[in-house]
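Take a look at the letters that make up each chain.
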Amino acid sequence: MRKIFAFLVALAALSAECSAQSWELVKPDGLGFQVELPGKAEFKEESGDDGGKIRTYVVASPAAAYDVTVWDMPNASVAPEDVSQSLDNIRDRNLDGLSAKLRSETKIEINGHQARDVTADVMGMVWRGRMVIANNRIYQIIAIVSKAAERSETTEKYFASFKLTEPSPEPGKSQK
């Protein structure tokens, strides 16, 4: 996970706002989400330490990086009373891995699931993340942009477009 974020920070640090004009709707079958990305997403799938799949959709330019990552939790589910602590842990791992300084955090709900919006400063850039745990998966969307683009039309559209859709099937089934 740290490798992905280090890569994204390096790409984003090269310039300012992403200039992509063409948006792509990403709505993979069976993963229970959809999001619009400001350009053609590169897809990567790998196995996690627990045997679950990690799927990443990234649009990166010299100006910014937009990333959606979905982690299966095949061997564990998070009890409702533990979701808040789990989101804290995810936030902390992200920020620690980037040596980022937390600027703000808002507790939100997405389709009745606890979620977090987090903003941090990292290497002269802004890291914005939204994390939610639902259907034995961790969904995370991230934007790494210049401070000027932190609340740009592109960044706001990206975050507003993320939706949880139909319930996901059990992790471990053939999915992309």
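Only a predicted model underlies this, so the values are computations on that prediction, with no experimental measurement involved.

Caption draft 1: Representation of the overall build of the protein in the model. Helix and strand content of the protein: three helices and ten strands. Each of the 176 residues in the protein was classed as buried or not, and the buried ones make up 49%. The contacts in the protein between residues at least 6 apart in sequence include a share of 54% that link residues at least 24 apart. Only carbon and sulfur atoms are counted for the fraction: they give 49% of the accessible area of the protein, which is about 8,600 Å².

Caption draft 2: Spatial organisation of the sheet that holds strand E8 (residues 125-134). Spatial strand order, E3-E4-E5-E9-E8-E7-E6: seven strands in an open sheet with antiparallel pairing. With one partner strand each, in any of the chains shown, strand E3 (42-47) and strand E6 (101-110) form the two edges of the open sheet. Direction aside, the axes of adjacent strands within the sheet are offset by 15° on average. Sheet analysis places strand E7 (residues 113-122) next to E8, joined by eight bridges and oriented antiparallel.

The rules we used
Residues numbered from 1 in each chain as written. Predicted model: local features only at pLDDT ≥ 70, side-chain atom pairs only at ≥ 80, totals over all residues. Heavy atoms only, no water. Helix = DSSP H or I, 4+ residues; strand = E, 2+ residues; numbered from the N terminus. Buried < 20%, exposed > 50% of the residue type's maximum accessible area, 1.4 Å probe, protein only. Contact = heavy atoms within 4.5 Å. Areas by Shrake-Rupley, 256 points an atom, 1.4 Å probe, with all protein chains shown as cover. Pairing = 2+ DSSP bridges. Axes fitted to C-alpha atoms, helices over the stretch in contact; angles between N-to-C directions.

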